[in-house]
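Coordinate analysis (summary)
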Amino acid sequence: MSQVISSYSGSNSSTIAGTISHYAQSVINDFTWWQAALAIIVGVLSYDQIMYQIRKGNIAGPKFKIWPVIGPFLESLDPKFEEYKAKWDSGPLSCVSIFHKFVVIASTRDLARKILQSPAYVKPCVVDVAVKILRPSNWVFLDGKEHVDYRKGLNGLFTKKALEVYIPAQEKIMDDYLNRFAEMSKEKPMIFFHEFREIMCALSLKTFCGDYITDEQIKLIADNYYKVTAALELVNFPIIIPFTKTWYGKVTADDTMKIFESCAAMAKKHINEENGKPTCVMDAWIDSMKQARESKSKDPDAKLLIREFSNREISEAIFTFLFASQDASSSACCWMFQLIADRPDVMAKIREEQIRLRDGDINKPLTGELIDSMKYTFMVVKETLRYRPPVLMVPYVVKKSYPVSDNYTVPKGAMVIPTLYPALHDPEVYENPDDFIPERWVEGSPANQAKKNWLVFGNGPHVCLGQNYVMMAFTALIGKAAMLYDIDHTVTPLSEEIKVFATIFPKDDLILQFKHRDEQEILNDISA
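Just so you know, the residues in each chain are numbered from 1, in the order the chain's sequence is written. Local features are withheld for residues below a pLDDT of 70 in this predicted model, meaning they are given only at 70 or higher, and side-chain atom pairs are given and counted only at 80 or more; totals for whole chains, interfaces and linings count all residues. Heavy atoms from the whole structure form the basis of all side-chain values; hydrogens and water molecules are not counted.

Below, the discussion takes up the sheet that holds strand β3 (residues 122–124). With mixed pairing, the five strands of this open sheet are ordered in space as β1-β2-β8-β5-β3. A single partner strand is all that each edge strand has here, and the edge strands are β1 (93–98) and β3. In this sheet, neighbouring strand axes are inclined to one another by 30° on average, regardless of whether the strands run parallel or antiparallel. Sheet topology note: the strand β5 (residues 396–398)/strand β8 (residues 415–418) ladder contains two bridges and is antiparallel. Looking at the pairing, Y396 lines up with V416 of β8. We treat two strands as partners when DSSP finds at least two bridges between them. Numbering of helices and strands starts at the N terminus; helices are DSSP runs of H or I of at least 4 residues and strands are runs of E of at least 2. A fitted line through C-alpha atoms serves as each axis, taken over the contacting stretch for helices, and the angle formed by two N-to-C directions is quoted from 0 to 180°.

Reading across the sheet, the three strands line up as β4-β12-β9 and stay open at both edges, with antiparallel pairing between neighbours. If you trace the sheet from one side to the other, it starts and ends with β4 (190–191) and β9 (485–489), each paired once. Bridge count for β4 against strand β12 (residues 511–516) is two bridges, and the pairing is antiparallel. Note that in β12 the partner of M190 across the bridge is L512. Contact definition: two residues touch when any of their heavy atoms are within 4.5 Å. In the packing of helix α13 (residues 311–341) onto the sheet, contacts are made with β9 and β12, and the angle to β9 comes to roughly 95°.

Here we come to the UniProt feature "binding site: heme" (unreviewed entry) in the chain. UniProt positions are given in the numbering used here, feature names are shortened, and annotations may be inferred rather than shown by experiment. Under the feature "binding site: heme" (unreviewed entry), the UniProt entry names C464. Looking at the secondary structure, you find C464 in the loop between α18 (446–449) and α19 (467–484). For C464, a relative accessible area of 31% puts it in the partly exposed group. For each residue, the accessible area found with a 1.4 Å probe, counting protein chains only, is set against the maximum for its type, and the residue is called buried under 20%, exposed over 50%, and partly exposed in between.

Quick look at the structure:
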């Protein structure tokens, strides 16, 4: 009996297996390539939507990815300030998903500060291609203790004492360019967007490299730097393809760093071999290395305060200084000149202060002490940076799951972006926040006391190194320009509209005309 059952079972199993095999073969034969493609597409789209829902959780954001996989990629190619603001207003935390990137946006002051101060969970993030353009060895990609130790060697380069050394070179650039602006626009008003990018580039390069960099090299870098900006836009191809934006950006970056390497070699010769005195950032950095070496030789047991840096390392660091300053300072420059040109009362107060502090001597050279005494002009600069902050958001990547709030955890690998603009336009801190009021910054005012809201230069371990440089340079520049020139702004319907190109600019690219003022007209300001 058992043999019969066994025989029957074996026969039945064979029949079932044969049926299944036949059915499977039939399905495969009938399964065309387009059905396979459709199945894959449906699988990918389903996975994309499911993962979006899981990552989104309960924070604000589109209920579904309206554009599967790519998300709002097309909109991000032409970013609009109004769309950014709508996102900030949608909730303290909101999200978007573009291709494989899940992005969480933090819109409140406290959330922004928390993220900026959380190096254990996040690190600064730039677009994928930035590592190739800025080079993997660049210090900006360091994290944790490595970053802290490297930064310690740079902090002394941007103190007020150090910055005073760079003032003569900066003033020469200011005088040359302001005179050029008057000559260029003598016949009629013209667009100054590009001119202000060039003067900001020239100021930065002279501050960083001194006389080691030539006027021709400054012009070359200023003319081509926009290619780097375009290559590092938030949404771009992650690979470098010849003759694309990223390729041109890489070529420009490499050429620029070659110039900086040669400048570093000349600075080392000046400081180490010729015992020269520092006149620029490169000099000061190399001088600090020299002092550290000498201290170590006198006391072998002493800690080396700053290590030796190669010309290549110096060139990469200087390039990141330019990268950090160029677009933001160009933005601030455009808005600053537009704002004072449109407000005769502000212009008059700047002029009165400049003549009074110079004791009637309009040719009095700039010094650190003179710039520090320009209290009203300083307030104009500070209010400009609050009213039109050049940096709207700072992208970070999440190193491990980050409980950013009590009810939401940002997943590992996502981008989290603290937003700075809302904190600087908080009506609970700044009365009439959408009005330009320099006087809100008088000593002891509520605005001055609300230090937690002042996020123009960031916060935490990656706070901007050059904030003293920015405030001093703009205070000096705007003071000289207002004192020596009439600045007429051609107002258009787009003048107050905001264009987003890495930072923010007037949509009409700023149409101005500069006119020399004669000395008697200038001196009349003090009596008026």
